[in-house]
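Geometric and topological summary
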Amino acid sequence: MTNVTKSRPLSPHLQIYKPIPTMIMSIVHRITGSALYFGTILVAWWLIAAATSPAYYDWVMWAFGTLIGQLVLFGYTWALVHHLFGGIRHFIWDLGYGYEKNFATKLAIANLIASVVLTLAIWIVGYAVR
């Protein structure tokens, strides 16, 4: 009796496949989805601070206003926007459209460009309104 599982070839992994835009955007979509959990904790922290006391709220706003805080908030904004556009892309696929290779590749690239542009626009408007 032979062992059937030992004679089967292994499934290929990421090292074997050539990275293409749709694959990279799929991976980034999963990463941004995970990052949004951390960002949601920051939003909850801000809301709790606002409900607790003016002094605690000022301290949290100071933390968000530091260079590291601003970088984290910028990353959270980009993750949120990028994940939103990725979700729209997946919704288009759920409707049965956009499976053509060229269109899917263009949509993946557009997802990245649009998320960067919209994130920058949000931050520019946010600083202008300040």
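To be clear, the structure that these remarks concern was listed above.
Residues numbered from 1 in each chain as written. Predicted model: local features only at pLDDT ≥ 70, side-chain atom pairs only at ≥ 80, totals over all residues. Heavy atoms only, no water.

Looking at the overall build of the protein
- Along its length, the protein carries five helices and zero strands.
- Of all 130 residues assigned to the protein, the portion counted as buried reaches 24%.
- Across the protein, every contact between residues at least 6 apart in sequence was considered, and the portion connecting residues at least 24 apart equals 69%.
- About 9,700 Å² of surface is accessible on the protein, with carbon and sulfur atoms providing 74% of the total. (Helix = DSSP H or I, 4+ residues; strand = E, 2+ residues; numbered from the N terminus. Buried < 20%, exposed > 50% of the residue type's maximum accessible area, 1.4 Å probe, protein only. Contact = heavy atoms within 4.5 Å. Areas by Shrake-Rupley, 256 points an atom, 1.4 Å probe, with all protein chains shown as cover.)

Some thoughts on a nonpolar patch on the surface
- Residues F74, L112, V116, L120 and I124 make up a contiguous nonpolar surface patch of about 410 Å² in total accessible area.
- When residues in the nonpolar patch are grouped by element, the largest group, four residues, is from helix α5 (residues 101–129).
- Inspection of the secondary structure puts L112 in helix α5.
- Owing to a relative accessible area of 36%, L112 belongs among the partly exposed residues under this scheme. (Patch = residues over 30% accessible without salt bridge, like charges linked within 9 Å, V, L, I, M, F, W, Y side chains within 5 Å. Salt bridge = Lys/Arg side-chain N within 4 Å of Asp/Glu carboxyl O.)

What to know about the packing of helix α2 (residues 21–52) against helix α4 (residues 67–94)
- The contact between α2 and α4 brings their axes to 8 Å, and the two run at 130°. Judged by the angle between their axes, α2 and α4 are oblique. Along this stretch, α2 crosses α4, giving a crossing that reads as left-handed.
- Here the residues of the contact of α2 with α4 sort into 12 nonpolar, 12 polar and one charged. (Axes fitted to C-alpha atoms, helices over the stretch in contact; angles between N-to-C directions. Parallel < 35°, antiparallel > 145°, perpendicular 65-115°, else oblique. Left-handed = near helix turned anticlockwise from the far one by under 90°. Nonpolar A, V, L, I, M, F, W, Y, C, P; charged D, E, K, R; others polar.)

As for α2
- The first and last C-alpha atoms of α2 sit 45 Å apart over 32 residues, in line with the 46 Å expected at 1.5 Å per residue.
- If you look at α2, its biggest bend is around 25°, right at Y37.
- In this structure, the buried side of α2 is in contact with α3 (54–65), α4 and α5. (Expected span 1.5 Å × (residues − 1). Bend = angle between axes of the 7 residues up to and from the residue.)

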